[in-house]
Amino acid sequence: MISALQYIEVDVPRCSLVYGTAPCTASIPTTGSIKCYQSRKTCQDIENFDEEVFTVRFSEAGDQYPADIEAINSLAGVSYTPAVVSLGENLGQRASLSVTFKDHRWSDTGGFDKYLADRDYDPFTQGTFWGKFRGRHRSLRGKAIRFIQGSVSQTLAEMETRHFLIESFEGPSPDGAFTIVAKDALKFADGDRSQAPVLSNGFLNAVIDDNDLSLTLSPAGIGNAEYPTGTPDYYVAIGGKEIVKVTSRSGDVLTIQRAQFNTEAVAHDAQDRVQLCLVYESEPPEFILNDLFVNYCGLSADYIPYSSWEAESASKLGQVYSVCIPEPTGVDKLASEIVQVCGLAVWWDDLFAKIRFNVLGTVSTDAALFDRSNTIEATFGIRDQPERRASQIWVYYGQINPLKKVDETDNYRSTAITADFDAEDDYGTPAIKKIFARWIADLGRSVALRVGALQLGRFVDPPRAISLDIHRENPVAPVLGSGYQVKALCLQDETGAAATVPIQITRLRPDKDRWKIEAQEMLFTAQDDFNPDDRTIIVDGNRFNINLRDAYDQLYPTPDSDTVVNCIIESGVIVGSLNTSLFAFEVGDWSDAVGVEINLVINGRIQGKGGNGAIGSVGSRPGDPGGPALRTTVPINVENLGDIFSGGGGGGDGDSVDGRAGGGGGGAGAPGGIGGIDRDGAKRSGDGTTEAGGAGGTQGGDGGAGGGPGLPGNDGPHSGTDWGAGGAAGTAIDGVSNITFIGPAGDIRGPQIN
Amino acid sequence: MLVISQALSLTLTDSPDANCPVIGWHNLVTAAGITADHEDADYPATNLANPATAILQGWKSDSTDDQYVTFDVTSENEIDYLGIANHNFGTDEIPVTIEYPDPENPGDWLVLVEQFQPEDDAPLLLRFVPTFLTQIRIKLEPDAVSPRMSVVYVGAILAIPRKIYVGYQPMTLIADTSVQTNWSEGGDFLGSILINEKRSTSMTFRNLLPAWVRATLQPFLSVCKTQPWFWAWRPAAYPLEVGFVTALQASKPSNSRPNGMMEVDFQVGGIAP
């Protein structure tokens, strides 16, 4: 028989300095009438308070406690509410430790009062331990407390030590009870104490118009105090209405670029807030969570086993996320969004004082087994959870305006749906779960589908909640968050044979004689052939001016020579251009990943902008050239099952007849060129469309028609001499020698150059 | 462990009172009157004056040399016992001798209780011939481990005039334990865990003379719940059965016989082995 032991250790902060010895400037009677008690509350020179940790250990009163582990035996009770691990939903429920002590007389020896010899009273007969403690410390919030459990045969180092941070204390009460309440470290992510970004205190000192390119902050000096210099650029939100990019700062004056993140440039009033935005660009989830926990919650980096987070993320997710958070938001909310979007389980491992990070997945079939031989009698329980079932996962991604609410569906460009309709038939009804993934950038369909696959895989069959108790001396000590298998009489397959059910422990309470386990059935039905090296970018809606490298960086980690990038332009989708000087689709700069394999599948169309038609005039006016479609400076493979069209040229103006002349038609393109007005100011010409150029104007000499896709615009009919020439067609492909066509080259219209 | 000096032993031999219970509650030790040859700064010898048995509130030497802890115990009455609670003299094999100043040769010390080696770390109750003393000292002769002790009482022993007979449960023999035994769903024995272990017992002093209760026992009764005391229930027969206990409830003497004799019940808990 083992004898159970239970200890509590509290790290009490105290000053390492000696009273009145430099750098401590305290002196009697100038700073106080008696010497301090090395605590902040009694410090007489707080500027020089030099904190060190003084650990106090407590035990219960019991004969089984060994003398060689010194402890104050005033521990009256420990109430431990274990954490609940949330699987893919949020940060779960915090562990809570409530420790109650009995008050007693205390001699202040053992290092409790460095200046004991200077006191003019007998500390044992004056006051009590906790009464004096309370008189010396205002708060212990954030200080470490440890719950230690073991047996008489163990050394302290061999015992289980669970780590928490103190939340509050209370007492001593009239009946001599003193209580310390502690939480796990993730409590510090709660919104009432950790916000990201941090609230900015600057505001506009004067009105700015919708086209001003600088602003001045108030109060004076706030620029240097709170706002970065502008190298690199950063973003601020003004008055909650517009996000601007700050490119430089001089004192309180910010140089800005307007209307960022799809917000609109508008005028702002004096006093409008200027809030620093928190922007993550192409960062993996482990980076984001680490940044939030360490830099916004103040948690020690020691709590985060970052390399293991990286390995887990790389092997099971391999994706990066981008977001702009324009207003202070609770870190718990942001972290929970990441947990849901990435399909994670993030929890506090109190045994090792680490924050754990797992991607949802399967339980190993050789995991340890809990069955009738080691489950304590009458403790096994099982409960269905139909409310947790999901048959369709709708992932909204590609947030448009960060200043709008996260759960507004019309604030997202795209939705990715992952569904199991067979399961719906089996269960009788759909079960739809919506995820608002502002962290997934535009064009991140494959990332969104992965999110859906993880969530659906976990919840397409609703997991059962299982509870059981395991004897303390069981050879396999259960670990929170880990996977196991269970067998019980009530768990059977279709033949009635005993079935083994995989579980993941979501709550674990270590009592003196047993482990109380709460677990979720760990069902996981793979919904995709996940390949952590897959780097697919899906263009599933009309877009303008795609730079493949920029899109890649928003979604995936830095590429290397082994990376294979697949970009798919879905059928019916047109990638166009807003400017004839810009390519509709740029493959981009991949010079840092020489050898990268890029595969472009075009089921839809890449199309340059159409050139504008000429304005009718008495002189000779040519149509504008059409815009280019595709450019690559690196080798790529193209499977063109759709179209590559350059913009058609705009039509030239017509001959003048009695001072009248028709404008040219707009060239075909995406968007088409605008038809030119006739010389009298009326517009009779047609605009280009994605399929054809517009007709020329009809006043006087007709204007030339706009060119069709990939074609130059037409000259104005020229019976006279002042007609205009049609604009040239844009370039269909620039860098064609870098392209290897897979199969037929497809429909390509417009010049191809290198 | 109860140890009797050789001189007192001669007196008690064949005495009918040798097995009457004794209580060591009277204490003349003060923090100002303690001097130790060696002490750990965090565990000063002044701690020996408080009755807390926690090691953190006790004295620790920082030396393994032979050493003394000396107590000034000026009293108008004779003293006849020294009690020690929570020490390491048994575990770490540290012989103990009690000495007092030689009244005829100032500076010299005489042996009061001859050197002995405690068998374990249980409370020690050392009795000697009643003597007027101004000082008393404990000589410790450690080997490899520095000595420590938490509580020292020096004073006049309270001898109960009536023995304890049937029904008494010596607290040294068995502890009050809380044990959880678990069985598996399949009916297998999984094991037992000792959750807690404490020492307690109860006793009744019967047939006490009313005058003795009022004159001698009453001062003890007034502090027996607030201050721990050394307790030996049958000193001659069971000298190893000594505890350092407090009354868990108020003990009130009652008039139990027509002739006025009284009795007192005690429920006590504390450290014993």
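For clarity, every value in this text was computed on a predicted model and none was experimentally measured. (Residues numbered from 1 in each chain as written. Chains lettered and ligands numbered in written order. Predicted model: local features only at pLDDT ≥ 70, side-chain atom pairs only at ≥ 80, totals over all residues. Heavy atoms only, no water.)

## Section: the side chain of Thr201 of chain B
All names here are of chain B.
Right, so step 1: Its place among the elements puts Thr201 in strand 14 (residues 189-208).
Right, so step 2: Owing to a relative accessible area of 5%, Thr201 belongs among the buried residues under this scheme.
Right, so step 3: One polar contact links the side chain of Thr201 to the main-chain carbonyl oxygen of Gln169, over a distance of 2.5 Å.
Right, so step 4: Beyond its immediate stretch of four places on either side in the chain, Thr201 contacts Tyr168, Gln169, Met171, Phe266, Gln267 and Val268. (Helix = DSSP H or I, 4+ residues; strand = E, 2+ residues; numbered from the N terminus. Buried < 20%, exposed > 50% of the residue type's maximum accessible area, 1.4 Å probe, protein only. Polar contact = N/O pair within 3.5 Å; in protein donor to acceptor, adjacent residues only side chain to side chain. Contact = heavy atoms within 4.5 Å.)

## Notes on the packing of aromatic side chains
Two aromatic rings, taken as a pair, are described by how far apart their centres are and by the angle between their planes.
All names here are of chain A.
Right, so step 1: One pass over the full model with this rule turns up 44 aromatic pairs over all chains.
Right, so step 2: Taking 5.0 Å as the distance between ring centres and 75° as the angle between the ring planes, the aromatic pair formed by Trp106 and Phe112 counts as edge-to-face.
Right, so step 3: For Trp106, a relative accessible area of 1% translates into the label buried.
Right, so step 4: With centroids separated by 5.5 Å and ring planes inclined at 70°, the aromatic side chains of Phe112 and Phe129 adopt a geometry described as edge-to-face. Placement of Phe112 in the loop between strand 4 (96-102) and helix 1 (129-136) and of Phe129 in helix 1 is noted, with a sequence separation of 17 residues between them. For the pair formed by Phe112 and Phe129, the shared burial category is buried.
Right, so step 5: Here the aromatic cluster, defined as three or more aromatic residues joined through ring pairs, consists of Phe54, Phe58, Phe101, Trp106, Phe112, Phe129, Trp130, Phe133, Phe169 and Phe178.
Right, so step 6: Its guanidinium or amino end placed over the ring of Tyr37, Arg119 lies 3.9 Å from that ring's centre, counting from NZ or CZ.
Right, so step 7: Stacked on the ring of Trp515, the Lys or Arg Arg472 has its end atom at 4.1 Å from the ring centre. (Phe/Tyr/Trp six-rings, centres within 6.5 Å; stacked < 30°, edge-to-face > 60°. Lys NZ or Arg CZ within 6 Å of the ring centre and 35° of its normal.)

## Observations regarding the sheet that holds strand 26 (residues 483-486) of chain A
Residues and elements named next belong to chain A.
Right, so step 1: Strand order in the open sheet formed by six strands is 20-26-27-28-25-21, with mixed pairing between adjacent strands. A strand with exactly one partner marks an edge of an open sheet, and here the two such strands are strand 20 (369-370) and strand 21 (381-383).
Right, so step 2: When strand 26 meets strand 27 (residues 501-510), the two strands line up antiparallel, connected through four bridges. Bridged to Gln485 within strand 27 is Pro502. (Pairing = 2+ DSSP bridges.)

## Some details on the sheet that holds strand 32 (residues 564-569) of chain A
Residue and element names in this part refer to chain A.
Right, so step 1: Read across the open sheet, the five strands follow the order 29-32-35-38-41; overall the sheet is parallel. Of all the strands in the sheet, the pair left with one neighbour each is strand 29 (535-539) and strand 41 (739-741). The mean inter-strand angle of the sheet, taken between neighbouring strand axes irrespective of direction, is 20°.
Right, so step 2: Pairing of strand 38 (residues 636-640) with strand 41, which is carried by three bridges, proceeds in the parallel orientation. Residue pairing for strand 41: Asn637 is matched across the bridge by Thr740.
Right, so step 3: Against the sheet, helix 8 (residues 548-555) contacts strand 29, strand 32 and strand 35 (597-602), and its axis sits at roughly 115° relative to strand 29. (Axes fitted to C-alpha atoms, helices over the stretch in contact; angles between N-to-C directions.)

## Some words on helix 8 of chain A
Residue and element names in this part refer to chain A.
Right, so step 1: Within the span of helix 8, buried status applies to Leu548, Arg549, Ala551, Tyr552 and Leu555. The arc that holds every buried residue of helix 8, seen down its axis, measures 160°, which confines them to one face.
Right, so step 2: Contacts from the buried residues of helix 8 go to helix 7 (445-459), strand 29, strand 31 (546-547), strand 32, strand 34 (585-586) and strand 35.
Right, so step 3: Where helix 8 begins, one side-chain oxygen reaches toward the backbone nitrogen of Arg549, 3.0 Å away; that side chain belongs to Asn547. (Arc of directions from axis to C-beta.)

## Focus: the interface of chain A and chain B
Right, so step 1: Counting residues at the interface gives 35 residues for chain A, matched by 32 residues for chain B.
Right, so step 2: Of the roughly 2,800 Å² buried at the junction of chain A and chain B (both faces included), carbon and sulfur atoms supply 55%.
Right, so step 3: Viewed at the interface, chain B and chain A are joined by two salt bridges.
Right, so step 4: Ionic pairing is found between Glu70 of chain A and Lys60 of chain B, a salt bridge with its closest N-O pair at 2.1 Å.
Right, so step 5: The tally of links from chain A across to chain B stands at 26 residue pairs in polar contact (both at pLDDT 80 or more). (Buried area = accessible area lost by both parts, 1.4 Å probe. Salt bridge = Lys/Arg side-chain N within 4 Å of Asp/Glu carboxyl O.)

## Examining the state of the cysteines
Cysteine pairs can be covalently joined through their sulfur atoms, and such a bond is termed a disulfide.
Right, so step 1: Applying the stated criterion across every chain, the model contains zero disulfides over all chains.
Right, so step 2: Counting only cysteine sulfurs, Cys15 of chain A is the nearest neighbor of Cys43 of chain A, a cysteine outside any disulfide, at a range of 5.9 Å. (Disulfide = S-S within 2.5 Å.)

## A word on the pattern of salt bridges
All names here are of chain A.
Right, so step 1: Enumeration according to the criterion identifies 50 salt bridges over all chains in this entry.
Right, so step 2: In this structure, Arg146 engages Glu9 in a salt bridge whose closest nitrogen and oxygen atoms are separated by 2.9 Å. Placement of Arg146 in strand 5 (residues 144-151) and of Glu9 in strand 1 (residues 2-15) is noted, with a sequence separation of 137 residues between them. Residue Arg146 shares its accessibility class with Glu9, and that shared class is buried.
Right, so step 3: Each of Arg413, Asp442, Arg445, Asp540 and Arg543 takes part in a single network of salt bridges with overlapping partners.

## Details of the pairing of strand 13 (residues 253-260) of chain A
All names here are of chain A.
Right, so step 1: Here three bridges tie strand 10 (residues 214-218) to strand 13, and the two strands are oriented antiparallel to one another. The partner of Leu215 across the bridge, within strand 13, is Leu254.
Right, so step 2: Pairing analysis gives six bridges linking strand 12 (residues 242-250) to strand 13, with the strands arranged antiparallel. Bridge pairing in strand 13 places Val246 opposite Ile256.
Right, so step 3: Between strand 12 and strand 13, which pair antiparallel in sequence order, lie two residues; one of them, Gly251, sits at a positive phi of approximately 60°.

## Some points on the nonpolar core
Side chains of a nonpolar character, in soluble globular proteins, are inclined to be buried together.
Right, so step 1: Judged by nonpolar contacts, the single largest core of 89 residues is most densely connected at Phe293, Leu344, Ile355, Ile440, Phe585 and Leu600 of chain A.
Right, so step 2: When near neighbours in sequence (up to four residues on either side) are disregarded, Phe293 of chain A contacts Leu91, Leu186, Ala189, Gly298, Leu299, Ile304, Trp309, Val331, Ala335, Val346 and Ile355 of chain A.
Right, so step 3: In terms of nonpolar packing, the next biggest core, distinct from the first, is built from 32 residues, Trp59, Val113, Phe116 and Ile136 of chain B among them. (Core = buried A, V, L, I, M, F, W, Y, C linked by side-chain atoms within 4.5 Å.)

## Here we look at the layout of surface pockets
Right, so step 1: In this structure, the second largest pocket encloses a volume near 1,000 Å³.
Right, so step 2: Of the residues belonging to the lining of the second largest pocket, the class tally is 15 nonpolar, eight polar and seven charged. (1 Å grid on protein atoms, 1.4 Å probe; cavity = no way out; pocket = protein on both sides within 12 Å on 5 of 7 lines; lining within 4 Å. Points joined across faces, edges and corners; volume = space filled by probe spheres on them. Nonpolar A, V, L, I, M, F, W, Y, C, P; charged D, E, K, R; others polar.)

## A closer look at the environment of Glu494 of chain A
Residue and element names in this part refer to chain A.
Right, so step 1: The topology assignment puts Glu494 in the loop between strand 26 and strand 27.
Right, so step 2: Overall, the relative accessible area of 75% leaves Glu494 in the exposed class.
Right, so step 3: For the pair Glu494 and Arg356, spaced 138 residues apart in sequence, the C-alpha separation works out to 37 Å.

So yeah, pure geometry; function would need other evidence.
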